[in-house]
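# Examination of the molecular architecture
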Amino acid sequence: MAGLKGFEAATGTTLAVRYGGLFWIPVSETTPWLPAPVRLALHRPPPAARAGPFAWRAAGPGLEIGEMPVLAGAIEADRIELVRIDPARYRFVVRNDPTGRRGLDAWRADLGAAVVINGSYYGRDGRPATPVVIDGRPAGPSDYQARQGAFVASRGGARLVDLSDQDWRRALSGAEAAMVSYPLLLAADGSSRAPPGTGWLANRSFVAEDRQGRIVLGSTRGAFFSLDRLAAFLRASPLDLKLALDLDGGPVACQAVDVGPVHRRTCGAWELQVDKAGHAKVLPPSWPGHQPSMPMVLAVYPRTAAAGAD
C-alpha cells in the first residue's frame, strides 16, 4: 500500500483498482506525464487527422514496409507501422499460446517468421474469443454470432471477408489460417462498423486488403486513435484499401518485421477509457523493456518457408 501511496503522490493522481490487480488512473489532457499525442487525443473534440507523406520500401520480394505519419495540424500525433504483402508470395499462419508466456520477442524467436503481428481477441484463459483456424483446424467458440469481418488465408491466397451477409462457418471453410475479428473498420462501400463516439483510446493493430488484392498490416506507435477515428483516417488515407478489420488493441498491439537486413519492432503501451463527459482514465504503461503477453498472433512466411513453432 505504501508503494501505491507513493505513486499517487508522485503523479498527483488517485488510483482505482481494476480486476486482475491492474489500476485505472484518472488523467486529463493537462496530465504532464502523458505523451503529447495522447493529451492531444483527450482534447474535446480531438483534432482531425490526415496522413503525412510516406513511401513504401521493398524489404523482400512481394513484401514492402512503410511508416505513415498521422498529422493533426502541424503536429505528428501518431505513426503507423505498415507492411504490404503479396499473398501469392507469402502465406499466413495463426498461432495461440494460452499460457501467456510469449511476448513479441519470444514469438519472433520461436516462429522465425518474416512478420509477426498480434491477432484477434482472446479470453481470460488466453484462448481464442472468436472463431479462428489454426493449421486448417477450427479453434475458438463454435457457437458465435459474427456480423463484422474475417481474415481468411488458404493455399490460393488471402483475403478479407465482410460477414454482414454470410455465415462465418462458410467463410472459414477450407481455410488454412483465419481469424474472425471486429469491428470492420472499412467496408467495400466505404462505410464503417466501428461504434461512433467510442471513448477507447489505445495502440491499434489492423489487417486490411487493398484494391490490388495485397494484404496490409498496420500497428500504431501511439494511442491517438479511437476506433471510429481510425476508421475515418484509413478511409481517407492513400493506402487504397478495400476492406480493413480491427485486431486486438492496447499494449498487446505489437508488430515485428524480420526480412533480410530489415528488423523492425513496435509494441503497444497505452490503453485509455474516456466517458461521454470527457473524464479519462488510463492503465499504467509497462516498465521499459517489458513486453505484454500475446496469446494470439498472425505470422507471415515466404511460401517456401516452414511455419515455425506451435
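Residues numbered from 1 in each chain as written. Predicted model: local features only at pLDDT ≥ 70, side-chain atom pairs only at ≥ 80, totals over all residues. Heavy atoms only, no water.

## Looking at empty space enclosed by the protein
Applying the stated criterion across every chain, the model contains one cavity of 30 Å³ or more. Approximately 30 Å³ is the volume attributed to the largest cavity. Sorting the residues of the lining of the largest cavity by element identifies β7 (90–96) and β11 (149–154) as the ones contributing at least two each. Considered class by class, the residues forming the lining of the largest cavity number three nonpolar, two polar and three charged. (1 Å grid on protein atoms, 1.4 Å probe; cavity = no way out; pocket = protein on both sides within 12 Å on 5 of 7 lines; lining within 4 Å. Points joined across faces, edges and corners; volume = space filled by probe spheres on them. Helix = DSSP H or I, 4+ residues; strand = E, 2+ residues; numbered from the N terminus. Nonpolar A, V, L, I, M, F, W, Y, C, P; charged D, E, K, R; others polar.)

## Points about the confidence of the model for the protein chain
Residues of the protein chain with pLDDT of at least 70 account for 90%, and the chain-wide mean is 90. Note on residues 1–21: pLDDT is under 50 here. Beyond four places in sequence and across chains, it has 27 contacts. (pLDDT = per-residue confidence, 0-100. Contact = heavy atoms within 4.5 Å.)

## A word on the side chain of E271
Assignment of secondary structure puts E271 in strand β21 (residues 271–274). For E271, a relative accessible area of 14% gives the class buried. Dropping the residues within four chain positions of it, E271 is found in contact with W24, W200, L201, A202, G250, P251, K281, V282 and L283. (Buried < 20%, exposed > 50% of the residue type's maximum accessible area, 1.4 Å probe, protein only.)

## Quick look at the pattern of salt bridges
Per the counting criterion, the structure on display carries 17 salt bridges. With its nearest N and O atoms 3.1 Å apart, the salt bridge here joins D97 to R102. For the residue pair D97 and R102, the accessibility class agrees, reading buried in each case. Among the salt bridges present, the one from D210 reaches R214, with a minimum N-O distance of 2.8 Å. (Salt bridge = Lys/Arg side-chain N within 4 Å of Asp/Glu carboxyl O.)

## Topic: the state of the cysteines
A full pass over the atoms with the stated rule returns one disulfide. Between the sulfur atoms of C254 and its disulfide mate C267 the distance is 1.9 Å. With the S-S dihedral at roughly 70 degrees, the linkage between C254 and C267 falls on the right-handed side. Separated by 13 residues along the polypeptide, C254 in the loop between β18 (241–246) and β19 (255–259) and C267 in the loop between β20 (262–266) and β21 bring together distant segments of the chain. This pair shows no difference in class: C254 is buried, exactly as C267 is. (Disulfide = S-S within 2.5 Å.)

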